[in-house]
Amino acid sequence: GENVEQHPSTLSVQEGDSAVIKCTYSDSASNYFPWYKQELGKRPQLIIDIRSNVGEKKDQRIAVTLNKTAKHFSLHITETQPEDSAVYFCAASIKNTNAGKSTFGDGTTLTVKP
Amino acid sequence: NAGVTQTPKFQVLKTGQSMTLQCAQDMNHEYMSWYRQDPGMGLRLIHYSVGAGITDQGEVPNGYNVSRSTTEDFPLRLLSAAPSQTSVYFCASSHAQSTGELFFGEGSRLTVL
């Protein structure tokens with residue numbers, strides 16, 4: 001089955017700096033790569049996603065890049081703010097047979113210091 | 001729309017007791033799934049369903065049962081609770097024709113003593 005590894009497990013940055021979180025996956029059939037943000041005590045919520053036919057996607061301060069050959073994808077957050085502090089999860093799935101079966105990374109706890 | 005609703009939010013059980021975590025969604029999503037979240041281990045899939053009457057096992061199914069008698073409901077049953085099942089449980093749903101985004105419930109924190 002799919003295996004997703006996520007690094008780093010914790011990340012601390014100063015407000016205004018950039019943050020990068022990286023994930024690798026093992027199943028070359030995976031074609032959908034979402035990122036979820038989970039604030040303390042809350043449910044995970046999608047913040048951005050990318051499909052395998054796209055190399056990069058941006059949404060304001062957040063961007064995701066995908067390298068299919070190397071089987072890795074990354075989340076980039078620019079101009080970080082204290083409200084970006086949360087746990088971030090990457091995931092991989094096969095969209096055409098999704099069935100809600102996403103494989104998640106172990107999460108990255110991001111702390112943005114004011 | 002209420003989205004995905006889970007009950008109860010908190011539960012304490014003794015070893016050997018049974019219980020059911022309820023999950024309901026009002027978005028007419030075909031896919032529903034249960035994940036457990038443990039510290040440092042991300043979200044691990046327990047069971048999932050692609051539609052009413054169809055269920056299958058995920059990565060960590062032992063000790064749990066599910067059924068899907070309707071599109072809206074997907075309860076998770078713990079048959080004989082063990083301390084290793086202490087965790088936060090999330091129900092999620094997604095639309096078959098969508099991007100694949102999972103919509104999560106608020107979570108249920110279960111402690112087994």
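See above for the structure.
Here goes a summary of the coordinates provided. In this text the structure is predicted, and so the values were computed from the model without any measurement.

### Examining the overall build of chain B
In step 1: A count of helical and extended segments in chain B gives 0 helices and 11 strands.
In step 2: Mapped from its N terminus to its C terminus, chain B presents α and β elements in the order β-β-β-β-β-β-β-β-β-β-β.
In step 3: At 13 Å, chain B has a C-alpha radius of gyration in line with the 13 Å of a compact globule built from 113 residues.
In step 4: Seen along its three principal axes, the alpha-carbon backbone of chain B occupies a region of about 40 × 30 × 25 Å.
In step 5: Burial status across chain B gives 47% buried among its 113 residues.
In step 6: A sequence separation of at least 24 residues applies to 53% of the contacts in chain B between residues at least 6 apart.
In step 7: In the form shown here, chain B has an accessible surface area of approximately 5,100 Å², with 51% of it arising from carbon and sulfur atoms.
In step 8: Charge separation in chain B, taken as the distance between the mean sites of 7 positive and 9 negative side-chain charges, equals 13 Å.

### Focus on the interface of chain A and chain B
In step 1: At the junction of the two partners, chain A supplies 19 residues and chain B supplies 22 residues.
In step 2: In this assembly, chain A packs against chain B so that about 1,800 Å² is buried in total across both faces, 53% of it on carbon and sulfur atoms.
In step 3: For the pair chain A and chain B, the number of links is 1 salt bridge.
In step 4: Here R43 of chain A and E106 of chain B are joined by a salt bridge, their closest N and O atoms 3.4 Å apart.

### So, the state of the cysteines
In step 1: Using the criterion set out here, one finds 2 disulfides over all chains in the structure.
In step 2: Put simply, C23 of chain A and C90 of chain A are joined by a disulfide, and their sulfur atoms are 1.9 Å apart. Taking the sign of the S-S torsion, about -100° here, the bridge from C23 of chain A to C90 of chain A comes out left-handed. Taken together, the residues C23 of chain A in strand β3 (residues 19–25) and C90 of chain A in strand β9 (residues 86–92) connect sequence positions 67 residues apart. As far as burial versus exposure is concerned, C23 of chain A and C90 of chain A are alike and both buried.
In step 3: Note that C23 of chain B is cross-linked by a disulfide to C91 of chain B, the S-S spacing being 1.9 Å.

### Comments concerning the environment of Y32 of chain A
In step 1: Here Y32 of chain A is to be found in strand β4 (residues 32–38).
In step 2: Note: C-alpha distance between Y32 of chain A and I94 of chain A (62 residues apart in sequence) is 6.0 Å.
In step 3: Residues in contact with Y32 of chain A, not counting those within four places in the same chain, are L46, D49, I50, R51, A91, A92, S93 and K95 of chain A together with T99, G100 and E101 of chain B.
In step 4: Side chain to side chain, Y32 of chain A and D49 of chain A meet in a polar contact 2.8 Å long.

### As for the pairing of strand β2 (residues 10–14) of chain A
Residues and elements named next belong to chain A.
In step 1: Burial along β2 is one-sided: the residues L11 and V13 are buried and none of T10, S12 and Q14 is.
In step 2: The pairing of β2 with strand β11 (residues 108–113) spans 5 bridges and is parallel. Opposite Q14, over in β11, you have K113 as the bridge partner.

### Considerations on the sheet that holds strand β8 (residues 76–78) of chain B
Each strand in a sheet pairs with its neighbour through backbone hydrogen bonds, running either in the same direction (parallel) or in the opposite one (antiparallel).
Residue and element names in this part refer to chain B.
In step 1: Strands sit in the order β1-β3-β8-β7 across an open sheet of 4 strands; the sheet is antiparallel. Either end of the sheet is taken by a strand with one partner, and the two such strands are β1 (4–7) and β7 (64–66). Strand-to-strand twist in this sheet, taken as the mean axis angle between neighbours without regard to direction, amounts to 20°.
In step 2: In terms of strand pairing, strand β3 (residues 19–25) meets β8 through 3 bridges, oriented antiparallel. Residue pairing in the sheet places L21 in a bridge with L76 of β8.

### Notes on the packing of aromatic side chains
What describes a pair of aromatic rings is the distance from one ring centre to the other and the angle between the planes of the rings.
In step 1: One pass over the structure, following the stated rule, counts 12 aromatic pairs over all chains.
In step 2: Consider the rings of F33 of chain A and F73 of chain A, whose centres lie 4.9 Å apart with planes at 45°: the pair is tilted. Separated by 40 residues along the polypeptide, F33 of chain A in strand β4 and F73 of chain A in strand β8 (residues 72–77) bring together distant segments of the chain. Exposure class is identical for F33 of chain A and F73 of chain A. Each is buried.
In step 3: Ring plane angle 85° and centroid distance 5.4 Å describe the contact between F104 of chain A and Y35 of chain B, whose orientation is recorded as edge-to-face.

Conventions used here
- Residues numbered from 1 in each chain as written.
- Chains lettered and ligands numbered in written order.
- Predicted model: local features only at pLDDT ≥ 70, side-chain atom pairs only at ≥ 80, totals over all residues.
- Heavy atoms only, no water.
- Helix = DSSP H or I, 4+ residues; strand = E, 2+ residues; numbered from the N terminus.
- Rg over C-alpha atoms; globule rule 2.2 N^0.38 Å.
- Buried < 20%, exposed > 50% of the residue type's maximum accessible area, 1.4 Å probe, protein only.
- Contact = heavy atoms within 4.5 Å.
- Areas by Shrake-Rupley, 256 points an atom, 1.4 Å probe, with all protein chains shown as cover.
- Lys, Arg positive; Asp, Glu negative; His and termini not counted.
- Charge placed at Lys NZ, Arg CZ, Asp CG, Glu CD.
- Buried area = accessible area lost by both parts, 1.4 Å probe.
- Salt bridge = Lys/Arg side-chain N within 4 Å of Asp/Glu carboxyl O.
- Disulfide = S-S within 2.5 Å.
- Polar contact = N/O pair within 3.5 Å; in protein donor to acceptor, adjacent residues only side chain to side chain.
- Pairing = 2+ DSSP bridges.
- Axes fitted to C-alpha atoms, helices over the stretch in contact; angles between N-to-C directions.
- Phe/Tyr/Trp six-rings, centres within 6.5 Å; stacked < 30°, edge-to-face > 60°.

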